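Tertiary structure, described
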Amino acid sequence: MDYQKILHEIEIEVAPSLGQGAVADYIPILSEANAEDFAMSVVTVAGDRFHVGRAATPFSIQSISKVFTLLVALERDGDALWERVGREPSGTSFNSIVQLERENGVPRNPFINAGALVVTDALISRCADEDPRDFLLAMMRRLSQSARVRIDAKVAESEKIWGDRNRSLAYFMKSFGVLENRPEDILDTYFCQCALEMTTGELARAGLFLANDGVDPLTSEKVAAHDAVNRINALMLTCGHYDRSGDFAFRVGLPGKSGVGGGILAVAPGVCAVAAWSPGLNEAGNSLSGSLALELFSAKTGLNLF
């Protein structure tokens, strides 16, 4: 399959949509992004790499980081994790506190903010005396095979300054006994994980193990167990795009996870990982042009799972 030709076609077809979405501004530093930027990368299980657009430009992956912290939490807790966080689409805003009160402090899934805080709590417990931020950064550099990947200190600080809603979620869950560690420590780690900065090529490379049953096909590293990969991909498909997850599954038909930095990581099991980036967001907080690009990708390649 000529992935490079397909990516060039997609770049042309999404061009009219660039700039139409709204750049995230609830974290002020994210509002500096250019809504007309676009990049897309494919990394196949055979090791072939294809890029288009501003694929060398790093961006804040934000909630896409939740895919990788979930892997660590599942390794530590296994199915016991599901006693503290659910596996259902939320149907509400990604930072809603209303649902938590109705459901005794147990978040609906690991990809809304409350659920991600539970997962970050498990990451901290897993790291014991090791700094969980250093652990996560080292893991992302290893999976992406890129030493350039970093935590953007300015983004992390902006997250911290404007993170009152996340503080509310953390302390509320702590009152129900859902969290093991101090909310302040969980929040500091969470703000840093959301501030991870990567290119589309690095992000697709980091997610490649999800397309190959947990094994990095290029290094032969066993990154995750079969069951963990199945669960992560299933949750990406059903919960990876907030309250537009069903629409993404309907249109794209691939497991995917979005972030308000404009990135989306998607997985075609057995074939490739693909990352798209464009900072303009739709009403649900997903990249408008990135979602369209992935819809075109699954149609042109025939990789839609359905």
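Okay, so let's go over this structure. Here the structure is a predicted model, which means the values were calculated and not measured. (Residues numbered from 1 in each chain as written. Predicted model: local features only at pLDDT ≥ 70, side-chain atom pairs only at ≥ 80, totals over all residues. Heavy atoms only, no water.)

Reading across from one edge, β3-β5-β4 is the order of the three strands in this open sheet, with antiparallel pairing throughout. Where the open sheet ends on each side, the last strands, each with one partner, are β3 (59-60) and β4 (150-151). Looking at chain direction, β4 and strand β5 (residues 196-198) are connected through two bridges and run antiparallel. Bridging from a neighbouring strand, Ile151 pairs with Leu196 of β5. Relative to the sheet, helix α5 (residues 132-144) contacts β4 and β5, its axis offset from that of β5 by approximately 15°. (Pairing = 2+ DSSP bridges. Helix = DSSP H or I, 4+ residues; strand = E, 2+ residues; numbered from the N terminus. Contact = heavy atoms within 4.5 Å. Axes fitted to C-alpha atoms, helices over the stretch in contact; angles between N-to-C directions.)

Turning to the side chain of Asn233, a few remarks are in order. Locating Asn233 in the fold gives a position in helix α10 (residues 226-239). A distance of 3.1 Å separates the side chain of Asn233 from the backbone oxygen of Leu210, its partner in a polar contact. (Polar contact = N/O pair within 3.5 Å; in protein donor to acceptor, adjacent residues only side chain to side chain.)

Relative to the assigned elements, Asp188 resides in helix α8 (residues 183-194). Assessed through its relative accessible area of 27%, Asp188 is described here as partly exposed. Considered as a pair, Asp188 and Arg133 are 55 residues apart in the sequence and their alpha carbons are 9.0 Å apart. Excluding its chain neighbours within four sequence positions, the residues that come into contact with Asp188 are Arg133 and Lys160. (Buried < 20%, exposed > 50% of the residue type's maximum accessible area, 1.4 Å probe, protein only.)

A word on α10. The first and last C-alpha atoms of α10 sit 20 Å apart over 14 residues, in line with the 20 Å expected at 1.5 Å per residue. By the burial criterion, the buried members of α10 are Ala228, Val229, Ile232, Asn233, Leu235, Met236, Leu237 and Cys239. In this structure, the buried side of α10 is in contact with α2 (65-77), α11 (245-251), β6 (256-258) and β7 (263-268). (Expected span 1.5 Å × (residues − 1).)

All right, on to the packing of aromatic side chains then. Inspection of every chain in the model, using the stated rule, returns six aromatic pairs. On the numbers, 5.2 Å between centres and 10° between planes, the contact of Phe59 with Trp277 is stacked. A residue pair is termed long-range when its members are at least 10 positions apart, and Phe59 in strand β3 and Trp277 in strand β8 (residues 272-277) qualify at 218 residues. Here the two residues Phe59 and Trp277 agree in accessibility, since each one is buried. Note on Phe68 and Phe209: the rings are 6.5 Å apart at their centroids and 55° apart in plane angle, and the pair reads as tilted. On the criterion of sequence distance, the pair formed by Phe68 in helix α2 and Phe209 in the loop between α9 (200-206) and α10 is long-range, its members being 141 residues apart. For the pair shown, Phe68 and Phe209 are each scored as buried. (Phe/Tyr/Trp six-rings, centres within 6.5 Å; stacked < 30°, edge-to-face > 60°.)

What follows covers the environment of Leu169. Looking at the secondary structure, you find Leu169 in helix α7 (residues 164-175). In this structure Leu169 comes out as buried when scored by relative accessible area, which is 0%. Between the C-alpha atom of Leu169 and that of Ser258, which follows or precedes it by 89 residues, the distance is 21 Å.

This next bit is on the nonpolar core. Formed by 66 residues in total, the largest nonpolar core has its most connected members in Phe68, Leu70 and Met140. In terms of residues, this core owes the most to one element, helix α4 (residues 113-127), which gives nine residues. Dropping the residues within four chain positions of it, Leu70 is found in contact with Leu81, Trp82, Pro110, Phe111, Val119, Ile232 and Leu235. (Core = buried A, V, L, I, M, F, W, Y, C linked by side-chain atoms within 4.5 Å.)

In this section: the side chain of Asp152. For Asp152, the location among the structural elements is in the loop between β4 and α6 (153-161). With relative accessibility at 12%, the residue Asp152 sits in the buried group. Sequence-distant contacts of Asp152, that is, excluding residues within four places in its chain, are made with Ala195 and Glu197.

Scanning the model with the defined rule gives zero disulfides in all. The thiol sulfur of Cys127 is not disulfide-bonded, and the nearest other cysteine sulfur, from Cys192, lies at 13 Å. No disulfide involves Cys192; its nearest neighbouring cysteine sulfur is the one of Cys194, lying 9.5 Å away. (Disulfide = S-S within 2.5 Å.)

Applying the stated rule across the entire model yields 26 salt bridges. The partner of Asp121 in a salt bridge is Arg84, with the nearest N and O atoms 2.7 Å apart. In this pair, Asp121 sits in helix α4 while Arg84 sits in the loop between α2 and α3 (98-102), placing the two residues 37 residues apart along the sequence. Judged by relative accessible area, which is 0%, Asp121 ranks as buried. For the salt bridge of Arg182 with Asp185, the shortest nitrogen-to-oxygen distance reads 2.9 Å. In this structure Arg182 comes out as partly exposed when scored by relative accessible area, which is 46%. Here the residues in one salt-bridge network are Arg76, Asp77, Arg84, Asp121 and Glu180, joined through shared partners. (Salt bridge = Lys/Arg side-chain N within 4 Å of Asp/Glu carboxyl O.)

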